[in-house]
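# Topology and contacts: notes
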Amino acid sequence: MAEVGFPKMKDFEALKAMADLLAGPEAPNDSAEAEARRFLPLVRLDRLSSAVVDRHGRPLHADGLFAEDRDVLAAIARDLVAGPDRGPFVLSWTDPGGLDMPVAFARAPAAADWRLPPAARQALSAPGAFAVLLTAGAWQAEGALEEAAAAYGLTAAQGRLVAALARTGDLRQAAEAAGVTYATARTLAAEAMARMGVRKLTALITRLVTHAFGALPADHRADDALADLWGLTPRQAALALAVAQGASRQEAARAVGISEASAKKALQDVFLAAGVTNAQALARKVADAMSLSALVQATGGDIGASSEGREPLAFAMRPDGRAVAFSDYGPREARPVLIVHTNFSNRHAPSRLVEALQRAGYRPFAVDRPGFGFSDSAAEAEDPAEVAVEDLAAVMRRLRVDQADLVVRGGFRFVRRLVDARPALVGRVVMTSVPPQGQTTRRRASFYFVLQSLTHSQPHLIREAARLSGRLFPVSDIRRHVLDALKGSPVDVAAMEDPRNFSDYWRGLRMFSTGRIDGYVQEQLAQARAAPLTALPDAADWTIMTGDQDAMFDPAEAEAWWSALLPGARIQRIPGAGRMLVFSHPETVVAALNGQVARQAA
């Protein structure tokens, strides 16, 4: 099949074609405005404390930390509402426990697009609502940091210690809070750092706090916020960030381009300005400020609300310090089945598919491949498929799973490398509407066609195309593009018009909006450089599922392509199904997996 794309277009024209399609007929035509849109954070709404006040500063609503001392809140709010309107900004506030915390403030019109906790949203729409205050400090609430620690597989003792360290910023105080000796605390901290793949306590604190808050944009830096919040110079802010992220003083000095002696003096000034006495306490405050400054930067658009509290999340650590994110949906004693995510999404699995698998006696789990979701990226020189195979092996060791069946939604090069390199890990395989490698969708007016065409014909544009698509991915636009791409398949359109299905679909895509595109870019570049795939010697344990209403790829062409590559595989074309099989026909997918059981037994 001939490749289609923009082979004669210049780079700028190719990207502009994509931008025009993404913008749509009703979107603003101001390219400068579109370019100014930033990647956005995903915020755990249950990690925010919020307050809504009237024009006299009187609280109409307060929760979390703000609810602990309404008199102090009212005094702060009175000063803020009486001042000039300068748009959303960050200020420093001392909580009832004496801890300085960054707070976002905006008057009601500017906060209209903020993603607020439900009670705050309701209060903001009430008569008399004048302004909103937000702080990320609710990550300090009981259980928040412990939950983040558990996601990294820390023991209960390690989790208590590092949570106390993140709250206090001091290892001796953390030891006292955790009820252990200082010597034991040092041992537990060293074990936790090894488990989390970091070298310093500052990096441990930063990773723990930011995970408890949500997902920060990949390109996010908080230099301006730190400078504004604590009155730091750009050099001091850069040093504070470097130290908070685990750099030694010597490494931080080298990164900023100054001598170690100058860095020592500058960091003393930073500690004084931030009101801390050591690097661990600084890391805690920097992480909090970074989280909140990302929220403030996102007030012009849809920041997304993370539901990680409902999605099981854990990490397996690789020897090189990389974190591999995975979700184990359970139950633990059931037969494991890996749900392989697409090339354009992350590990979040369709909830109806998960439930159907569980009802049939399976234990579904899903893993973010390198650079997708919360998993760290592979090195540029590494083959992402090879790294993904070893990542999966690490996750399966963590789960104490020797073999898993596969439900494959995409990522075929990873699956093929897995079968070649680690065949003992793989049981039965069901592929659900996976597009033939290197072919573009026949829906040529769709966003997917444009992105695929750029990928195939001009691979040097992959990163810029992915960055552009990530910036222009508010949920309303995604819904429009998805429904447009599925025109001609009534069953797929109906599946995506179902609120639960679309919510699941959006959860899988939304990390793109934070700028976490490395996984997609690395996989597409590897595919562009790779030699053609060769046929598998025997695919008797494989099932290829297509839908007769697939509007994006011709099912007959797809079946012929996969049959040549996977000789012996069972081909099942499902009547009344389309591209979105896992959403519209989850029970049928499970039946195909069970059908392979019968075939294997025979």
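Whatever comes next refers back to the structure up there.
Below or above, wherever it landed, is the structure these notes cover. Predicted, not measured: the structure shown is a model, and the values here were computed from it.

### With respect to the packing of helix 8 (residues 182-196) against helix 9 (residues 201-213)
- Direction vectors running N to C along helix 8 and helix 9 enclose 60 degrees, while the axes themselves pass 10 Å from each other. Crossing handedness for the pair helix 8 and helix 9: left-handed. Every residue of helix 9 that contacts helix 8 at Ala189, Ala192, Met193 and Met196 is listed here: Leu201, Leu204, Arg207 and Leu208.
- The residue inventory of the contact of helix 8 with helix 9, partitioned by class, reads 7 nonpolar, no polar and 1 charged.

### Thoughts on the packing of aromatic side chains
- What the rule picks out here adds up to 7 aromatic pairs.
- Residues Phe412 and Trp562 carry aromatic rings whose centres are separated by 4.7 Å and whose planes lie at 70 degrees to one another, so their mutual orientation is edge-to-face. With Phe412 in helix 17 (residues 412-421) and Trp562 in helix 24 (residues 555-565), this residue pair connects regions lying 150 residues apart in the sequence. For the pair shown, Phe412 and Trp562 are each scored as buried.
- Put simply, the rings of Phe412, Trp542, Trp561 and Trp562 pair up and form one aromatic cluster.
- In this structure, Arg172 is placed above the aromatic ring of Tyr182, and the distance from its NZ or CZ to the ring centre is 3.9 Å.
- When the ring centre of Phe372 is taken as origin, the NZ or CZ atom of Arg369, which lies over that ring, is 5.2 Å away.

### Digging into the sheet that holds strand 14 (residues 426-432)
- In space, the 8 strands of this open sheet follow the order 9-10-12-11-13-14-15-16, with mixed pairing throughout. Looking at the sheet topology across the chains shown, the edges are occupied by strand 9 (314-317) and strand 16 (570-574). Going from strand to strand, the sheet's axes swing by 25 degrees on average, the running direction of each strand aside.
- Pairing of strand 9 with strand 10 (residues 323-328), which is carried by 4 bridges, proceeds in the antiparallel orientation. Within the sheet, the bridge partner assigned to Phe315 lies in strand 10 and is Ala325.
- Across the sheet, helix 15 (residues 351-359) touches strand 11 (335-340), strand 12 (362-367) and strand 13 (404-408), and the angle it forms with strand 12 is around 145 degrees.

### Digging into the pairing of strand 13
- Taking burial as the measure, the 5 residues of strand 13 include 5 buried ones, the bulk of the element.
- Side chains Ala404, Leu406 and Val408 project from strand 13 onto one buried face, and the interleaved Asp405 and Val407 project onto a second face that is buried too.
- Judged from the 4 bridges that link them, strand 11 and strand 13 form a sheet pairing that is parallel. Across the sheet, Val340 pairs through a bridge with Val408, a residue of strand 13.
- Bridge count between strand 13 and strand 14: 4 bridges; the pairing is parallel. In the sheet register, Val407 faces strand 14, and the bridge partner there is Val430.
- For the segment spanning strand 13, helix 17 and strand 14, crossover handedness is right-handed.

Conventions and cut-offs
- Residues numbered from 1 in each chain as written.
- Predicted model: local features only at pLDDT ≥ 70, side-chain atom pairs only at ≥ 80, totals over all residues.
- Heavy atoms only, no water.
- Axes fitted to C-alpha atoms, helices over the stretch in contact; angles between N-to-C directions.
- Helix = DSSP H or I, 4+ residues; strand = E, 2+ residues; numbered from the N terminus.
- Left-handed = near helix turned anticlockwise from the far one by under 90°.
- Contact = heavy atoms within 4.5 Å.
- Nonpolar A, V, L, I, M, F, W, Y, C, P; charged D, E, K, R; others polar.
- Phe/Tyr/Trp six-rings, centres within 6.5 Å; stacked < 30°, edge-to-face > 60°.
- Buried < 20%, exposed > 50% of the residue type's maximum accessible area, 1.4 Å probe, protein only.
- Lys NZ or Arg CZ within 6 Å of the ring centre and 35° of its normal.
- Pairing = 2+ DSSP bridges.
- Right-handed = clockwise from strand over helix to strand, strands pointing away.

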